[in-house]
Amino acid sequence: MTETRHRVAGEPGVAGQRPDDGTQGWLVLQEAERRRENDPRSALRLLDSLHSAGLRHADPATSGRASLLRAEVLADLGEYERAGGAVQAARHDLLAAGLVLDTYATDVVRATLIRANGDASRGIDVLEGVLEDLPVATTPTLDPENVTRLRAHVHRQLGLSLAARAEHGRALHHFDLAWNRFHSLGDTVLAARTTSERAVSYLSLDMTHRALDDLLRARQELTRLGQTVAAARCAVPLSRAYVRLDRVSEAVHLLDDVRPLFEQRGHLPHLAALDLAMSEALLQAGLAHDARLEARAAGDLFTRLHHIEGTAQANLVTGLAGHLIGDDESAAREVDLAERLSTSLRLQQEIAILRLSEILSGPDRESIERARRLAGVMRAAAHETSDDTLLTIADLALALSVPQGPEAHRHLDAARRAIITHELHGLDVARAVVTARVLQQQHDPRGAVDEIATALTTASSPTAHVQGAYRPLAHLMMIGVADRALLDLLLEIGTPDAVTEAWRWASVTKARSLTDLASTANQQRTSVDAPLLPVHREAELETLSHALDRLIDPVEPIDLGAIRATHVAVRRDIRQQIPHARLPLTQDHAVALPPVPEGPVLQLQELGPDLVAFVIREGQVYARRLVGAASEVQTAIAEWHAECSRVQHVVERGAGWATHHSLDTLATLLLWPISDLLADLEEMPLVVVAPGSLQPVPFEALPFGGRALASAFSLRFAAGMHDLTSMCDDADDTTASGAEARMLALMVPDANAPRISDETSALAAIHPGATILTGPGATVEALWRLAPQHDVVHLACHGLYWPEHPSSSGLRLGDRWVTAGEILRMDLNGCLVILNACATGRAHDTTSESVGLTWALLAAGARGVVATTWPVDDSVALAFATSFHQHLVDGLAPAEAVQQSGIDVSEQFSDHPWAWAAHRYIAAGATVIHGG
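Here is what the cut-offs are and how they apply
- Residues numbered from 1 in each chain as written.
- Predicted model: local features only at pLDDT ≥ 70, side-chain atom pairs only at ≥ 80, totals over all residues.
- Heavy atoms only, no water.
- Helix = DSSP H or I, 4+ residues; strand = E, 2+ residues; numbered from the N terminus.
- Buried < 20%, exposed > 50% of the residue type's maximum accessible area, 1.4 Å probe, protein only.
- Contact = heavy atoms within 4.5 Å.
- Areas by Shrake-Rupley, 256 points an atom, 1.4 Å probe, with all protein chains shown as cover.
- Polar contact = N/O pair within 3.5 Å; in protein donor to acceptor, adjacent residues only side chain to side chain.
- Salt bridge = Lys/Arg side-chain N within 4 Å of Asp/Glu carboxyl O.
- Pairing = 2+ DSSP bridges.
- Core = buried A, V, L, I, M, F, W, Y, C linked by side-chain atoms within 4.5 Å.
- Phe/Tyr/Trp six-rings, centres within 6.5 Å; stacked < 30°, edge-to-face > 60°.
- Lys NZ or Arg CZ within 6 Å of the ring centre and 35° of its normal.
- Axes fitted to C-alpha atoms, helices over the stretch in contact; angles between N-to-C directions.
- Expected span 1.5 Å × (residues − 1).
- Arc of directions from axis to C-beta.
- Parallel < 35°, antiparallel > 145°, perpendicular 65-115°, else oblique.
- Nonpolar A, V, L, I, M, F, W, Y, C, P; charged D, E, K, R; others polar.
- pLDDT = per-residue confidence, 0-100.
- Left-handed = near helix turned anticlockwise from the far one by under 90°.

Caption draft 1: Summary view of the overall build of the protein. Along the protein, the regular secondary structure elements total 41 helices and 18 strands. Counting all 932 residues of the protein, 61% fall into the buried class. Relative to all contacts within the protein whose residues are 6 or more apart in sequence, the contacts with residues 24 or more apart total 72%. Element-wise, carbon and sulfur atoms account for 52% of the exposed surface of the protein, whose accessible area totals about 34500 Å².

Caption draft 2: View of the side chain of R617. Tracing the chain through its elements places R617 in strand β2 (residues 610–617). Take R617: its relative accessible area is 11%, and that puts it in the buried class. Side-chain polar atoms of R617 contact the backbone oxygen of L677, separated by 2.8 Å. In contact with R617, other than residues within four places in its own chain, are E598, Y622, D676, L677, D680 and L681.

Caption draft 3: Focus on unusual backbone geometry. Cis geometry is adopted by the peptide bond preceding P600, which originates at G599 and carries an omega value of 0°. Relative to the helices and strands, P600 resides in the loop between α28 (560–577) and β1 (601–607). Unusually for a residue other than glycine, E423 sits at a positive phi of about 55°. Looking at the secondary structure, you find E423 in the loop between α22 (407–421) and α23 (428–441). One non-glycine residue with positive phi stands out, namely E618, at about 55°. Here E618 lies in the loop between β2 and β3 (620–626). Judged by its relative accessible area of 58%, E618 falls in the exposed class.

Caption draft 4: Geometry of the pattern of salt bridges. Under the criterion given, the structure shown has 44 salt bridges. Here the salt bridges do not stand alone but share partners, grouping D413, R416, D428, R431 and E451 into one network.

Caption draft 5: Spatial organisation of the pairing of β1. Here β1 lies mainly inside the structure; six of its seven residues are buried. In this structure, β1 lies alongside β2, joined through seven bridges in antiparallel fashion. Bridge pairing in β2 places E606 opposite L611. In this structure, the hairpin formed by β1 and β2 is closed by a connection of two residues, where G608 is found at a positive phi of approximately 65°. The pairing of β1 with strand β4 (residues 685–689) spans three bridges and is classified as parallel. Bridging from a neighbouring strand, L602 pairs with V688 of β4.

Caption draft 6: Region of interest: the nonpolar core. Residues L283, L356, M478 and F614 are the most contacted members of the largest nonpolar core, which totals 162 residues. Here this core takes 12 residues from helix α25 (residues 474–493), the largest share from any one element. Setting aside chain neighbours within four positions, we find L356 in contact with L374, L396, A397, L400, A430, V434 and M478. Among the nonpolar cores identified, the runner-up in size contains 105 residues, and L602, V697, V780 and I823 belong to it.

Caption draft 7: Broad picture of the packing of aromatic side chains. The final tally for this structure, using the stated rule, is four aromatic pairs. Between W640 and W870, the aromatic rings sit 5.3 Å apart at their centres with planes inclined by 75°, giving edge-to-face as the arrangement. Of this pair, W640 sits in helix α29 (residues 629–645) while W870 sits in the loop between β17 (864–868) and α39 (874–889), and the two are 230 residues apart along the sequence. W640 gets classed as buried once you look at its relative accessible area, which sits at 0%. For the cation-ring pair, R920 lies above F717, with the distance from its terminal atom to the ring centre recorded as 4.0 Å.

Caption draft 8: Structural detail: the sheet that holds strand β11 (residues 798–800). Strand order in this open sheet of three strands is β11-β12-β13, and the pairing throughout is antiparallel. Looking at the sheet topology across the chains shown, the edges are occupied by β11 and β13 (817–819). Ignoring which end each strand starts from, the neighbouring axes of this sheet average 20° apart.

Caption draft 9: Region of interest: helix α17 (residues 308–324). Between the first and last C-alpha of α17 there are 25 Å, a value that for 17 residues agrees with the 24 Å anticipated at 1.5 Å per step. With 15 of 17 residues buried, α17 is to be regarded as a mostly interior element. In the stretch just after α17, G326 is the one whose phi turns positive, near 90°.

Caption draft 10: Structural detail: the side chain of S507. Within the secondary structure layout, S507 lies in helix α26 (residues 496–524). Looking at S507, the relative accessible area reads 1%, which means it is buried. At 2.8 Å, the side chain of S507 and the backbone oxygen of W503 are in polar contact. Separated by 3.4 Å, the side chains of S507 and Q603 make a polar contact.

Caption draft 11: How the structure looks around the pairing of β3. Pairing of β2 with β3, which is carried by seven bridges, proceeds in the antiparallel orientation. Along β3, the bridge assignment pairs V612 with R625. As consecutive antiparallel partners, β2 and β3 are separated by two residues, and within that stretch E618 has a phi angle of approximately 55°, a positive value.

Caption draft 12: Representation of the sheet that holds strand β9 (residues 771–774) within the structure. Pairing is mixed in the open sheet, where 11 strands are placed in the order β3-β2-β1-β4-β7-β18-β17-β14-β10-β8-β9. The open sheet has two free edges, formed respectively by β3 and β9, since each of these has just one partner strand. Taken over all neighbouring pairs, the strand axes of this sheet differ in orientation by 20° on average, direction set aside. Strand contacts of α39: β8 (743–747), β10 (792–796), β14 (832–836), β17 and β18 (919–923), with the helix running at about 160° to β14, the strand carrying the most contacts.

Caption draft 13: Molecular detail of the environment of H307. Mapping H307 onto the fold places it in the loop between α16 (288–304) and α17. With 227 residues separating them in the primary sequence, H307 and Y80 have C-alpha atoms 9.7 Å apart. Residues within four places of H307 in sequence aside, it is in contact with A116 and F302. At a separation of 2.9 Å, a polar atom in the side chain of H307 contacts the main-chain amide nitrogen of G310.

Caption draft 14: Region of interest: α22. Look at α22: 21 Å from first C-alpha to last across 15 residues, which is about the 21 Å you get at 1.5 Å a residue. For α22, every residue scored as buried is listed here: A408, H411, L412, A414, A415, A418 and I419. Buried residues of α22, seen end-on, are gathered within an arc of 160° and therefore sit on one face of the element. Exposed and facing more than 90 degrees away from the buried side of α22 are R410, R417, I420 and T421. Two residues or fewer after α22 comes E423, characterised by a positive phi angle close to 55°.

Caption draft 15: Fine view of the packing of helix α13 (residues 235–244) against helix α15 (residues 268–284). The geometry of α13 relative to α15 is characterised by a closest axis approach of 10 Å and an angle of 10° between their N-to-C directions. Judged by the angle between their axes, α13 and α15 are roughly parallel. For the pair formed by α13 and α15, the contact residues are V236, S239, R240 and V243 on the first element and A273, L274, L276, A277, E280, A281 and Q284 on the second. Residues belonging to the contact of α13 with α15 are distributed by class as follows: seven nonpolar, two polar and two charged.

Caption draft 16: Representation of the confidence of the model for the protein. A residue-level look at the protein finds 79% of positions with pLDDT of 70 or above and a mean pLDDT of 79. Low confidence marks residues 512–537, where pLDDT is under 50. Its contacts with residues over four positions away, or in another chain, come to 69 contacts.

Caption draft 17: The arrangement of the packing of helix α21 (residues 388–401) against α22 in detail. Contact pair α21 / α22: the axes reach a minimum separation of 8 Å and the direction vectors enclose 155°. Taken together, the axes of α21 and α22 are roughly antiparallel relative to one another. The handedness of the crossing between α21 and α22 comes out as left-handed. Residue-level contacts link T392, D395, L396, L398 and A399 of α21 to A408, H411, L412, A414, A415, A418 and I419 of α22. Looking at the contact of α21 with α22 residue by residue, the class counts come to nine nonpolar, two polar and one charged.

Caption draft 18: Main features of the environment of A321. With respect to the helices and strands, A321 occurs in helix α17. You can call A321 buried: its relative accessible area is 0%. Through-space distance from the C-alpha of A321 to that of R292 is 5.5 Å; in sequence the pair is 29 residues apart. Residues within four places of A321 in sequence aside, it is in contact with L283, A288 and R292.

What follows is the structure, encoded as structure tokens:
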């Protein structure tokens, strides 16, 4: 019997001749095949109609091919269990019809489904069995071209299965065999698809440039051939190649661009892979919050698909992102789950690096035993897999387990040789931190400092990633461990030079986010003549706006899961509109240690359970370690904000004992240890730099020398540790002051904030020439278009800080909410922004980002922002705004105007700090001002 045309594993047919019977069943099968790529659900309905017509008994050959095609479509949609049933039905019918090659094709599809369910080894056995049987099956009754095509499919699926088992050398061999056969048959579509799949193995072997060339060529060829979905499938490996080459923004936009295609077709496996790749790219970009959202979305899809390995990968990225944003408890659960589920070598490597990071972050007394256990596990795994990475991690763990003995250096030398020989550059920072721990134990702290500093400098060099070598995601966590270890060592040395070096390294760690966002924003902002967002996004933004409305004033139960899903979708839409260079390129940047400013500066830094207080005065850096203070400070902050939440009660009874207690506790923890360094600096401008976790501290109200700190100093706050020299030099900046300053005000009163109407009248009287937009006229578009034309922008409305999704913290303008993520697109052109709304100064802080409204405004080019650190009463907000703008018109600098307005508010209301200390001035250094 002559074999007829059929399809294998989602590809154009294996080859053969169409039967001459012209049956209706065959025509329907052809139409289903044509619809498969663009409308898989419609193709399924056609195939189901064939079965309902009783085709199986009348024409088993066509019925078998229909079942086989049905299995492939179901596999595309992630419905693997139903696909398995269809394969069994296809095999039964094709055997009955005597179609030998078609029967082998069912084995190929079955092997594909086995691999999709996480058992690549069994799939390989099935495919190798087909290859062994094919020579026997080659008889004069079979078309040689059909046999060649089937061999090509088997080799291609073997390449995919071997790649899933991380046997990339063997995988490349089979991909090459498949490509040669498809090319000889003139099948350009399958040759291009094989090229794209082969590139994944090149990527895994750190042949990134070759992988990139193959992927770009395959994508272009598939697009030319009209294979839109196949071309879109190149996006995931292509994005990973871009990330390797520090082209993260291109990766993000590529993934966002192809997502709608798979959403329209309901291709859940591809959507899950896209979400996972997006989470990895965002994590490398330093956007840990968005990365965790995308990873959770990927995990949900992989779980629905019963894809164990994909679920494990998503759990790992979720855990890593959690660690980076400080949610260690939740992160540990995710990583533990990933470890239990995973069988992937690459995932084992990631988890091993993460476990090593955890040991290095923990107490010394526990690290030796934990390191010994990790070394044992890694040696066993390395023996089983012959993996150099796991063996190197075992050597590092063994060095940690005997830090004071000569064997430590033997293991470190072995690790160093392996890193150089096998180009395991992603482990170099880990090696440096372990070496530093050993040197510290052997009383050589200076040598330890040099090891870590050299590794961090090399890792952040612009030339470090030119070759595109794989950098484990867990490397990001190790970078944080190295930062903390370096700071710890320098403080231990304690000399003036070491303390200065500690401050400079602490500063450069935090400087990356804001300055990088600002510099790319200056280059790539969209013209104000273009719409802020396309019209078709408006409905989705309205959905997010409604969700935020319910969060701030819930009138019905809130479905946080639905809000989270809406948040993910809208963040994708907003992100898709940002020009490619707007995202930070990478978390690792060239290390440029900042100069020491003249001061005075108070800079707080977290260091495990401790805090470090740096004081800079007269160009000299001093440091005090506040041992065990981190948790006590958080407890006192919670007490203070609990007091502030009882606003009316507090105002009625004045400053109660609880308030004095929490403020006294905070002052004792944070100010008393450095009081001698600040005592003779009173009446001077003081720059305060604090991580996001300490931004809720009411610094203004802390008692110091018998009065509040805001009375002793003119306070200004820095959003990041960047360009403090310019902040100290520009303490009296009056660019936005005086009657001639151009002011824009957007005022949105409602039933919960009626006194915004009075605030509108007050501002109109103080600034007669101001542009004032109220109610529905105070739109997001008006802010975007008019802000660059003004020196001062005042926003009076509701504000929301959303801790779970800080980039979606927002302001409720007249038409809708505008989020921090959206504000990044705006060009504020060096204006002063006043946010007279609730909790607008809050930000969630991590090593790579300090996300919130103030962060977004400064990154978008604001010179400085006046914001609140807790919810404010409507009348208090009115009094502050009236006083502040009057002082501004009188010529005071913004920080001084805030200070004087606090005094005015305290005289008008209770002297409780809840009223007068809510507003603060957060300044930007000159480098983050648009055009500066």
